[in-house]
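Breakdown of the fold
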Amino acid sequence: MSLAIDFYFDFSSPYGYIASQLIEPLAEKYDRSSRWHAIVLNDNFQSMERMKLAGNMMRTDYIKRDAQRLAAYYGIAYQTPSLVGVNTEQAARLFHTIHDRDPQQGTAFASLVLKAYFVENKNIAILEELQALASQVDISAAEFHEACSNPSSRARVKAEVDMAEARGVFGSPFFMVGGERFWGNDRLPQLERWLATGPY
């Protein structure tokens, strides 16, 4: 059986959002499955300096324009959020709670959150916004509040970040096939060749 593509992303990363629109068609093209992993790139979850991406860098005019240009290049709907670098811990906690139970439902929820932030300019750090999105994938109010308040959901995200670091992940987006790592959207052509022809 072909190896799955592991896709690591932060909900506040414009590059992670763009990759989320590309990874599923790519996986399907080569008859692969994808496994989505939400990570949180802030000081509360980083155990090693290597995973830290400077928050002020993501606020620069260059990054804002680069993300707009990259989305336009791929024909992906995109709007620079009015609030850049929002806290994504709750979104990640909800994602993993849902995804651990049903990966397709989790992926659908992640896609809704990313679209809400990068297309609809919604503040995904607000619980009410997240609950409205969760309801679209049939998450009840009781399930939502349990996921947000249960300490185990935070521990689950922390474990995911620790595992990502152990595997050598250091940014968003990040892709892995087996032990081979690809960082960033600009590595997608290399990833596709790897899927098409194998190691090189």
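Structure first, text after, so check above.
So, here's what we can say about the structure. (Residues numbered from 1 in each chain as written. Predicted model: local features only at pLDDT ≥ 70, side-chain atom pairs only at ≥ 80, totals over all residues. Heavy atoms only, no water.)

Take the pattern of salt bridges next. Under the defined criterion, the tally for this structure stands at 12 salt bridges. Within this structure, Asp-6, Arg-35 and Arg-167 form a network of salt bridges that share partners. (Salt bridge = Lys/Arg side-chain N within 4 Å of Asp/Glu carboxyl O.)

Here we take up the environment of Arg-167. Tracing the backbone through its elements, the reader meets Arg-167 in the loop between α7 (151–166) and β3 (174–177). Distance from Arg-167 to Tyr-62, taken between C-alpha atoms, is 30 Å for residues 105 residues apart in sequence. Look past the residues within four positions of Arg-167 in its chain and what remains in contact with it is Asp-6, Tyr-8, Met-176, Gly-178 and Arg-181. (Helix = DSSP H or I, 4+ residues; strand = E, 2+ residues; numbered from the N terminus. Contact = heavy atoms within 4.5 Å.)

The subject of this paragraph is the sheet that holds β3. In a beta sheet, neighbouring strands pair by backbone hydrogen bonds and run either parallel or antiparallel. Within the open sheet, the four strands sit side by side as β2-β1-β3-β4. Their pairing is mixed. Among the strands making up the open sheet, the edge pair consists of β2 (34–38) and β4 (180–183). Adjacent strand axes in the sheet meet at a mean angle of 20°, parallel and antiparallel pairs treated alike. Relative to β3, strand β1 (residues 5–9) is paired through four bridges, and the arrangement is antiparallel. Looking at the pairing, Phe-7 lines up with Phe-175 of β3. The strands touched by helix α4 (residues 103–118) are β1 and β2; relative to β2, the strand with the most contacts, the crossing angle is about 55°. (Pairing = 2+ DSSP bridges. Axes fitted to C-alpha atoms, helices over the stretch in contact; angles between N-to-C directions.)

Bringing the side chain of Ser-12 into the picture now. Here Ser-12 is to be found in the loop between β1 and α1 (14–29). The buried category is assigned to Ser-12, whose relative accessible area is 19%. Dropping the residues within four chain positions of it, Ser-12 is found in contact with Gly-85, Val-86, Thr-88, Tyr-117 and Phe-118. (Buried < 20%, exposed > 50% of the residue type's maximum accessible area, 1.4 Å probe, protein only.)

Mapping Gln-21 onto the fold places it in helix α1. With relative accessibility at 36%, the residue Gln-21 sits in the partly exposed group. Remark: the alpha-carbon pair of Gln-21 and Ile-76, spanning 55 residues in sequence, is separated by 7.5 Å.

Interpretation in functional terms is not warranted from these geometric data alone.
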